[in-house]
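Here is how the chains run, residue by residue.
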Amino acid sequence: MSVLRYAKYPFLRGAAAFVSEQVDLQLKELGKEEFKPVVRRAKQRVMQALKQRRVVTESRELVDYVSEVLSFPTAVAMVSAINDDRLRSVYSLSEAKAAYESLKDEDPKTLLAISRELGIRAKPSAGPARDFDLDFEDYLLHAARFHQPRWKLVNRKLDRGMVQVTQRELARILQEAIQRRVYEKTTVPLSVEDLPESVSLEVGELRENWEKIKRSFGAREAVKDDETNRPPCVKRMLERLSKGEHLSHPERFALTTYLSNSGHAVEEILGLYSSSPDFNAARTEYQVRHLAGEMGSRTRYKPPKCSTMKTQGICPGGDDVCQRIRHPLQYPAAKLGGKGG
Ligand code: SF4
């Protein structure tokens, strides 16, 4: 593979071999002047993971491919030194999401080469172009976490131990495998003392940022919802979505804002809409990110009050808990605590 591909997929074993051919990089040497762009980009990778939940790799704008490739193991070392499981998850998912963005449009030969490297057995399908046959066991192993109906085996075409998937679906499965690989890399024990002083200062700054972000997660998780404490309006919209029914614009607004204010990641919300009959991935992602405050004005929108939901015909009538609240976001606390929040 070319250096450009390694810059896009730096978690591949070939990328590590490429790096060692180019430079004899030891951790202590990262403090040298010549590695400053590498450290800067590595820190940026982690910051992008913290703030945007996705590492941004703009390969068209890249000029220094070697630094881009080197910045990945350096970022992994920084995350290892911070030694926090939750950060490992956030960072590995962000790297995997960046890879997904490239893989979904990747040339099929490269996609299959990367699948092989990740231990996923796939081959071009005899069916539609850009469809693939994926080994049944690999499908089960990686798609088990996906809850949308389209991933259920009963809804898939299965032939002689192979499951047919689209390129986008194969890329999504690879995203899972990549996240696991990156996560494992960040578990290699590393102490800040192993790093040169200039790099450990950057790690200290990242750690501070992470602690601040974690505190805001904590506040959000206090209202994290689950199936047992959802208001009737939200339950009904989710049921209709799972049956593949169309939701009106006000319903989508209410559902998306309810979920994003209840601790759900944008990707989870997107997954719910993917079975919608008029699903358009790019448009839905734009709308959901916008409402979740990840784009545009950076304001996270709130769902409408119950009175507005009633006027819009979204409220199915409510239950006894609803009698004590005026806003759907008050429902989980009212249900758990017995009184309106
Ligand atoms: S009263 Fe409010 S929370 Fe309850 S179902 Fe209606 S809109 Fe939802």
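Quick notes on the rules
- Residues numbered from 1 in each chain as written.
- Predicted model: local features only at pLDDT ≥ 70, side-chain atom pairs only at ≥ 80, totals over all residues.
- Near = placed C-beta within 6 Å.
- Helix = DSSP H or I, 4+ residues; strand = E, 2+ residues; numbered from the N terminus.
- Nonpolar A, V, L, I, M, F, W, Y, C, P; charged D, E, K, R; others polar.
- pLDDT = per-residue confidence, 0-100.
- Contact = placed C-beta atoms within 7 Å.
- Pairing = 2+ DSSP bridges.
- Expected span 1.5 Å × (residues − 1).
- Buried ≥ 20, exposed ≤ 12 C-beta atoms within 10 Å, placed from the backbone.

## Here we look at the site of the ligand
Every residue close to the ligand is listed here: Pro-231, Pro-232, Cys-233, Cys-306, Met-309, Cys-315, Pro-316, Gly-318, Cys-322, Pro-328 and Tyr-331. Only helix H10 (232-242) and helix H14 (306-311) provide two or more residues apiece to the shell around the ligand. Each residue belonging to the shell around the ligand can be placed in one class, and the counts come to 10 nonpolar, 1 polar and no charged.

## Some remarks on the confidence of the model for the protein
With 89% of its residues at a pLDDT of 70 or more, the protein has an overall mean of 84. Across residues 218-223, confidence stays below pLDDT 50; counting only partners more than four residues off in sequence or on other chains, it has 7 contacts.

## Regarding unusual backbone geometry
Of note in this structure, Asn-83 is not a glycine but carries a positive phi near 55°. The topology assignment puts Asn-83 in the loop between helix H4 (65-82) and helix H5 (85-103). The backbone of Arg-160 shows a phi angle near 45°, a positive value even though the residue is not glycine.

## Here's the deal with the pairing of strand E2 (residues 131-135)
Across 3 bridges, the pairing between strand E1 (residues 122-124) and E2 is antiparallel. Bridged to Ala-122 within E2 is Leu-134. Hairpin remark: E1 followed by E2, antiparallel, with 6 residues in the connecting loop; positive phi at Arg-130, about 65°. Direction of pairing for E2 relative to strand E4 (residues 162-166): antiparallel, over a ladder of 5 bridges. Directly across from Leu-134, in E4, lies its bridge partner Val-163.

## Overview of helix H11 (residues 249-260)
Given a rise of 1.5 Å per residue, 12 residues ought to cover 16 Å, and the 16 Å separating the end C-alpha atoms of H11 matches this to within 8%. Along H11, the residues that are buried comprise Ala-254, Leu-255, Thr-256, Thr-257, Tyr-258, Leu-259 and Ser-260. The secondary structure elements touched by the buried residues of H11 are H10, helix H12 (266-273), helix H13 (281-291) and H14.

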